[in-house]
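Here's the letter readout for the chains.
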Amino acid sequence: SSSPSTKSHADNDILLDGLLSSGFDKGSCLSRYQSYLYRKVSPHKPSPYLISKLRSYEDLHTGCGPHTRAYKRTMVKLSRFKSNVTTGCQYIIWTYANGLGNRMVSMISAFLYAILTDRVLLVEFNDDMVDLFCEPFPNSTWILPKDFPFSEHKGHHFETYQNILKKDRENNSTEFLLPSVMHLNLQHTSHDHEKFFSCDHSQYLLHKVPLLILRSDQYFVPSLFMAPSFNQELNKMFPNKDTVFHHLGRYLFQPSNDVWGPIKRFYKAYMDKADEKIGIQIRVFNPNLTPYQTIMNQVLSCSQKHKILPDFATNISEVSPSNNQILKSVLVTSLYPEYGENLRTMYLNKPTVTGESIGVYQPSHEENQKFGDNLHNKKAWTDIYLLSLCDVLVTSALSTFGYVAQSLGGIKPWVLYKLIDAKVPDSPCVQDVSMEPCFHIPPKHDCKEKPLDDIGTTFPYMRRCVDFGSGIKLI
Ligand code: GDP
């Protein structure tokens, strides 16, 4: 039997330094108790304040979550009174848009927003998202109940955030009615250029709406850091601003038992014994416009230039005679099988200058992004999670799929530049400035409608993203 000190040390690792609550049934979510065997201990510790906020959130969720009396009472009240209602429990309902990576970055944003505004986060998962994640909150569920009275599918039409902002501007002297249920769209749309979501006045209005239905595919966490009213809380929760997704993601996203099995088996068979694990995520947004060979050249040129993978020996005298025992495992994730196959063949057919052994493995190749397909999403989550277990990452510009992997893993990836004119640039990739996801549509104006030109000076913890100049990220 283990001594008390080693036991508490292991418990500490398992619960990620107090990030995770201990009040769960182990069998229902094996990954929660086993992931520490596959992941390196994170050098980033959650702050005690973040931990206390998570525990208070869990209490709120238990008290107001689905199937509680408070939940039922609130839904009845909201159905009866259409405006200017106050309720003891307030909610934010996350609804999906786009692929899994987009969904995960917006879920983290919604969760942080829920914590900051004392709302309960419920998620509307269709069949395609069933059994991807374990329940994150103890003694409750985050799944929106089937009999939720305000589902859009039931033909409800809600007042929108944009409309309320407009009304507010038009008659700012008189109090107008705030709806009890509001639709909050934080997706990129071509018609509304400015959402003013970071402005305290908008937050003041939102605060008076008991139930928000959010649709977003964005990592809008940076916009929360721009809102003065959230500043103090966020500073206390995250003394290191570049760890928001890292901590909240490890808290919220535990692979379900269905997904955990394949992750574990793949890891043990192909990654466990390697001295170094390299993840290469190849996301091709426009397969018809970007030739396969060009992307392959870019991946290889980036990996060899930055010594992520060894160079090929061009003549026999270059081949390292040493009996180099180093084994590197390369995990390739892509919709297309050619990338993994080609890289594997190259390292089989050519000697390397270092003499290292390079194994290349690709868990899946779905060919197309599929919508409404549960198994497809499970494979995507498996790939994302496996990438996050790597030591080094090469990722594709603009891909939220890669963002989730890098932040869960705590890795600053090498980002392959988006190709212009289908040509590999002289500098094929660049190392990212932080592990945080990029927010692609930050506000362009401040709350007084003045252009926000220099984000980095106004907000010292933000930078323009290396993969997308209009985006911003926490550093
Ligand atoms: P983004 O579009 O790159 O920002 O990432 P999303 O995850 O939002 O959407 C891409 C979707 O395409 C994923 O969710 C998967 O369904 C699919 N996909 C793209 N790349 C891969 C991959 O490497 N592996 C797997 N399994 N699926 C992928």
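A quick note: this is a predicted structure, and the numbers were derived from the prediction, not measured.

**Considerations on the site of the ligand**
Then step 1. Near the ligand lie 19 residues; those nearest to it are Gly99, Leu100, Gly101, Ser399 and Thr400.
Then step 2. Of all the secondary structure elements, the ones that give two or more residues to the shell around the ligand are α5 (100–117), β7 (327–334), α14 (374–388) and α15 (400–409).
Then step 3. Ranked by residue count, the leading element in the shell around the ligand is α14, at four residues.

**Looking at helix α13 (residues 337–349)**
Then step 1. Between its first and last C-alpha atoms α13 spans 18 Å; for 13 residues at 1.5 Å apiece the expected length is 18 Å, and the two agree.
Then step 2. Those residues of α13 that fall on the buried side of the exposure criterion are Tyr339, Gly340, Leu343 and Tyr347. Buried residues of α13, seen end-on, are gathered within an arc of 95 degrees and therefore sit on one face of the element. α13 presents Thr345, Leu348 and Asn349 as exposed residues on the side facing more than 90 degrees away from its buried surface.
Then step 3. Check the buried side of α13 and you find it contacts β6 (276–282), α12 (292–305), β7 and β8 (357–361).

**Let's talk about the pairing of β6**
Then step 1. Within β6, six of the seven residues are buried, which leaves the element mostly enclosed by the surrounding structure.
Then step 2. Direction of pairing for β6 relative to β7: parallel, over a ladder of seven bridges. Within β7, the residue paired with Ile280 across the bridge is Val332.
Then step 3. Examined bridge by bridge, β6 and strand β9 (residues 392–396) share three bridges and lie parallel to one another. Looking at the pairing, Ile280 lines up with Val394 of β9.

**Description of the domain arrangement of the protein**
Then step 1. Considered domain by domain, the protein is made up of domain 1 (41–243) and domain 2 (257–474).
Then step 2. The centre of domain 1, based on its C-alpha atoms, is set 31 Å off from the matching centre of domain 2.
Then step 3. Each side of the interface is counted separately: domain 1 has 32 residues, and domain 2 has 35 residues.
Then step 4. At the level of secondary structure, the elements contributing two or more residues to the side of domain 1 that touches domain 2 comprise α5 and α8 (221–225).
Then step 5. For the side of domain 1 that touches domain 2, the element with the most residues is α5, which contributes five residues.
Then step 6. In terms of residue class, the side of domain 1 that touches domain 2 is built from 14 nonpolar, 11 polar and seven charged.

**Looking at the environment of Ile14**
Then step 1. Structurally, Ile14 can be placed in helix α1 (residues 4–14).
Then step 2. Remark: the alpha-carbon pair of Ile14 and Pro138, spanning 124 residues in sequence, is separated by 16 Å.
Then step 3. Look past the residues within four positions of Ile14 in its chain and what remains in contact with it is Tyr33 and Tyr36.

**Notes on unusual backbone geometry**
Then step 1. Positive phi, normally seen in glycine, also occurs at Lys307, with a value near 60 degrees.
Then step 2. Structurally, Lys307 can be placed in the loop between α12 and β7.
Then step 3. Of note in this structure, Glu449 is not a glycine but carries a positive phi near 65 degrees.
Then step 4. By secondary structure assignment, the location of Glu449 is in the loop between β11 (429–431) and α16 (455–458).
Then step 5. The exposure class of Glu449 is exposed, given the 9 C-beta atoms found within 10 Å.

**Digging into the packing of helix α11 (residues 257–270) against α14**
Then step 1. It is at 10 Å that the axes of α11 and α14 come closest, and there the two elements cross at 45 degrees. Considered as vectors, α11 and α14 are oriented oblique to each other. Where α11 crosses over α14, the handedness of that crossing is right-handed. Facing Asp258, Val259, Pro262, Ile263, Phe266 and Tyr267 of α11, the residues of α14 in contact are Lys378, Trp381, Thr382, Tyr385 and Leu386.
Then step 2. Tallied by class, residues from the contact of α11 with α14 come to eight nonpolar, one polar and two charged.

Rules and cut-offs
Residues numbered from 1 in each chain as written. Predicted model: local features only at pLDDT ≥ 70, side-chain atom pairs only at ≥ 80, totals over all residues. Near = placed C-beta within 6 Å. Helix = DSSP H or I, 4+ residues; strand = E, 2+ residues; numbered from the N terminus. Expected span 1.5 Å × (residues − 1). Buried ≥ 20, exposed ≤ 12 C-beta atoms within 10 Å, placed from the backbone. Arc of directions from axis to C-beta. Contact = placed C-beta atoms within 7 Å. Pairing = 2+ DSSP bridges. Domains from an automatic or database assignment. Nonpolar A, V, L, I, M, F, W, Y, C, P; charged D, E, K, R; others polar. Axes fitted to C-alpha atoms, helices over the stretch in contact; angles between N-to-C directions. Parallel < 35°, antiparallel > 145°, perpendicular 65-115°, else oblique. Left-handed = near helix turned anticlockwise from the far one by under 90°.

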